[in-house]
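Chain by chain, the residues run as shown.
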Amino acid sequence: MVDRLTEIKNEEEKIRAGGGAKAIDAQHKKGRLTARERIAKLVDPPGHFFELGLYAAYEMYEEWGGAPSAGTVTGIGRVAGRQMMIIANDATVKAGAFFPMTAKKVIRAQNIAIENHIPTIYLVDSAGVFLPLQEDVFPDTDDFGRVFRNNAVMSAMGIPQITAIMGMCVAGGAYLPVMCDHILMTEGSGLFLAGPALVQAAIGQKTSAEELGGAKMHAQISGTIDFREPDDDACLKRIRSLVDKMGRRPGAPFNQHKPELPAHPAEEIYGIFSSDPAKQYDMREIIARIADGSRFDEYRAEYGQTLLCGLTRIGGWAVGVVANNKKHVQIAAAGTGERRLEFGGVIYTESADKAARFILDCNQNLIPLVFLHDVNGFMVGKEAEWSGIIRAGAKMVNAVANSVVPKITVICGGSFGAGHYAMCGKAYDPRFVFAWPTARYAVMSGDAAASTLVEIKIKQLEREGKKLTDADKKELYESVRATYEHQTDPRYAAARLWVDAIIDPAQTRQALIEALDAASLNPDVREFKTGVLQT
């Protein structure tokens, strides 16, 4: 765990360097701060910023020199005491141009803001669409145009939006600031649908960037901007002043008490958790390092024991926890009383039944849900099928899918197959998805997938009259396994925004508090309905 965490933290530092020292120096020579420097000055001291999507585009676009963090910085920070979503273009990465993953990352940040009613600040410094990849940036429902659609939807919902143009803002991107509540612009920045070169090519008109769309022009002639600021520092101070005067809407109806620290240090999680599939651990011990006072009111503790359900508080917020337990348990089989072993990390019929009912209760009582994943999947085999595992699994998936209270997912270890879905995977609309460095995220584990795929390949080759030696089979197995293992790494998932952040396990409590605080901003909880429920 510690080795993997160290590797992740070292990589994060490289990603935070953006386009590198030369690009940062070039930004400074223009009299401008970098995206991260702007955020550090914008948020309240001591500069805490909960970054989301740091690994976006990791190991992608390497033929174009890469796009660290997809050329944009997103996350939640407190500004003048208010929790805000911050979206900032990183001009050190290809002049802040939008790659395909850049658009998806901005849209994911906006969607989090929409789901949780988080006021949003945009720090714009972008050359627009990265033209060599325009066909993957421009046209689809989760591409560039969705950003401006979301601006309009957020405005209609009453979610405050503030934009500061602190560099270039051109072409379609020019619509973003104008669709927000407040527009600020620094001297030397540009806001135009087409830059001077394109204007000359299109209509033959020669003009300077400043005359075409500079801050002075937009402040005095077009009337497009609300505040003209001399530099980045003045602009950031103005944003803080505007946020300081914003009103507050009623919050969500969730129960909150004064926070209480856990009775046990969070760092002990490193020694308790094991990512080795052959080793057992008790997820209750992990919960005890996250929960207020380490208290956990476990629901049906002696039934369906491979899945833990219960109520606790995290940062004062009442939450329901659904967590896979990795301890094997001996149980008495229904009907016969025969003793049998149930394997930790597997969802059995009783586990799914219990979890479905618990999730219904949490929705009935307006209690947000936290899912802690270390799941191999649902139990298979004759006994499982006879017990109605598909019916019970469908019931649990239905309850998760139709939940109206906020759902937050933390992938601690494995998250495989339909177990990933039942535990509120990305497709089931969790407000936030976090992963530990030890997370594994796929249809099945690397060993199982490699064995299955190699067996299929061997039979295919044998049909073609080819005979593989044991050495050939081993080489094929290792090759397939290595590819699959790479794709199950949490960094692969984070690069594609399947998870919002890879977090230090010892920081799980802080991440959950940040997420619960954000979820509490949305007062709307729709009526809970499940439709046809398998019983």
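Report on the accompanying structure. In this convention, every chain numbers its residues from 1, walking through the sequence in written order. Given that this is a predicted model, residues contribute local features only at a pLDDT of at least 70 and side-chain atom pairs are listed and counted only at 80 or more, while totals for whole chains, interfaces and linings are drawn from all residues. Excluding hydrogens and water, the side-chain figures rest on all heavy atoms present in the structure.

With respect to the packing of aromatic side chains
Here is step 1 of the chain: Working definition: a ring pair exists when centres of Phe, Tyr or Trp rings (six-membered ring for Trp) sit within 6.5 Å. Plane angles under 30 degrees give stacked, over 60 give edge-to-face, the rest tilted. Using the criterion set out here, one finds 13 aromatic pairs in the structure.
Here is step 2 of the chain: Look at phenylalanine 432 and phenylalanine 434: their rings are 5.9 Å apart centre to centre, the planes differ by 25 degrees, and that puts the pair in the stacked class.
Here is step 3 of the chain: Given the relative accessible area of 0%, phenylalanine 432 is considered buried.
Here is step 4 of the chain: Note on classification: 1.4 Å probe, protein chains only; a residue is buried when its accessible area is under 20% of the maximum for its type, exposed when over 50%, partly exposed between these limits. Residue class for phenylalanine 434 comes out buried when judged on its relative accessible area of 0%.
Here is step 5 of the chain: Three or more aromatic residues link up through ring pairs in this structure, and these residues are Phe98, Phe144, Phe148 and Tyr175.
Here is step 6 of the chain: In our convention, an over-ring charge means Lys NZ or Arg CZ found within 6 Å of a ring centre and within 35 degrees of that ring's normal. Against the face of tryptophan 386 rests lysine 382, its NZ or CZ located 5.1 Å from the ring centre.
Here is step 7 of the chain: Over the ring of tyrosine 492 we find arginine 496, and its NZ or CZ is 3.5 Å from the ring centre.

Quick word on unusual backbone geometry
Here is step 1 of the chain: Here the amide bond leading from proline 45 into proline 46 is cis, since omega sits at 5 degrees, within 30 degrees of zero.
Here is step 2 of the chain: Only DSSP runs of H or I reaching four residues or more are called helices, and only runs of E reaching two or more are called strands; each is numbered from the N terminus. Among the structural elements, proline 46 can be located in the loop between α3 (35-42) and β1 (49-52).
Here is step 3 of the chain: The residue alanine 70 is not glycine, and still its phi comes out positive at about 60 degrees.
Here is step 4 of the chain: Phi at alanine 80 is positive, roughly 50 degrees, even though this residue is not glycine.
Here is step 5 of the chain: Tracing the backbone through its elements, the reader meets alanine 80 in the loop between β2 (72-79) and β3 (82-89).
Here is step 6 of the chain: Residue classification places alanine 80 among the partly exposed residues on the basis of a relative accessible area of 22%.

Brief notes about the pairing of strand β15 (residues 369-375)
Here is step 1 of the chain: Along β15, 7 of the 7 residues are buried, which leaves the element largely enclosed by surrounding structure.
Here is step 2 of the chain: Neither face of β15 is exposed, since Leu369, Phe371, His373 and Val375 on one face and Val370, Leu372 and Asp374 on the opposite face are all buried.
Here is step 3 of the chain: Strand pairing follows a simple DSSP-based rule, namely that at least 2 bridges must link the two strands. The pairing of strand β11 (residues 317-324) with β15 spans 4 bridges and is classified as parallel. For alanine 323, the partnering residue across the bridge sits in β15 and is leucine 372.
Here is step 4 of the chain: Relative to strand β17 (residues 407-416), β15 is paired through 6 bridges, and the arrangement is parallel. Looking at the pairing, valine 370 lines up with isoleucine 408 of β17.

A short note on the pattern of salt bridges
Working definition: two side chains of opposite charge can pair if their charged atoms are close together.
Here is step 1 of the chain: By convention in these notes, a salt bridge is any Lys or Arg side-chain nitrogen within 4 Å of a carboxyl oxygen on Asp or Glu. For the structure shown, the criterion picks out 31 salt bridges.
Here is step 2 of the chain: The salt bridge partner of lysine 41 is aspartate 233, with a shortest N-O separation of 2.9 Å. Note that lysine 41 is positioned in helix α3 and aspartate 233 in helix α10 (residues 232-244), a separation of 192 residues in sequence.
Here is step 3 of the chain: Overall, lysine 41 belongs to the partly exposed group, its relative accessible area being 45%.

Details of the nonpolar core
Here is step 1 of the chain: Counting residues in hydrophobic clusters, the biggest one holds 65 residues, and the most contacted among them are Leu52, Met85, Met283, Ile287, Leu372, Phe432 and Phe434.
Here is step 2 of the chain: Counting residues per element, this core draws most heavily on helix α4 (residues 100-116), at 7 residues.
Here is step 3 of the chain: We call two residues in contact when some of their heavy atoms are within 4.5 Å. In this structure methionine 85 touches Leu52, Gly75, Ile76, Ala109, Ile112, Ala113, Ile118, Pro119, Thr120 and Ile121, once residues within four positions along its chain are discounted.
Here is step 4 of the chain: Core analysis: the next-biggest nonpolar cluster, separate from the first, contains 28 residues, Met60, Ala435, Val499 and Ile502 among them. What is meant by a nonpolar core is a set of buried Ala, Val, Leu, Ile, Met, Phe, Trp, Tyr and Cys residues, joined one to another through side-chain atoms within 4.5 Å.

A few points about helix α5 (residues 144-157)
Here is step 1 of the chain: Taking 1.5 Å per residue as the helical rise, α5 with its 14 residues ought to reach 20 Å, and the 21 Å between its terminal C-alpha atoms agrees with that figure.
Here is step 2 of the chain: Within the span of α5, buried status applies to Phe144, Val147, Phe148, Asn150, Asn151 and Met154. When α5 is viewed along its axis, its buried side chains cluster within an angular range of 155 degrees and face the same direction.
Here is step 3 of the chain: Those residues of α5 that are buried are in contact with α4, β4 (120-126), β5 (161-170) and α6 (175-178).
Here is step 4 of the chain: Glycine 158 lies just past α5 and shows a positive phi near 85 degrees. Between the first and last residue of a helix there are one fewer steps than residues, each counted as 1.5 Å, and that sum is the expected span. Relevant arc is that of directions from the helix axis to the C-beta atoms, nothing else.

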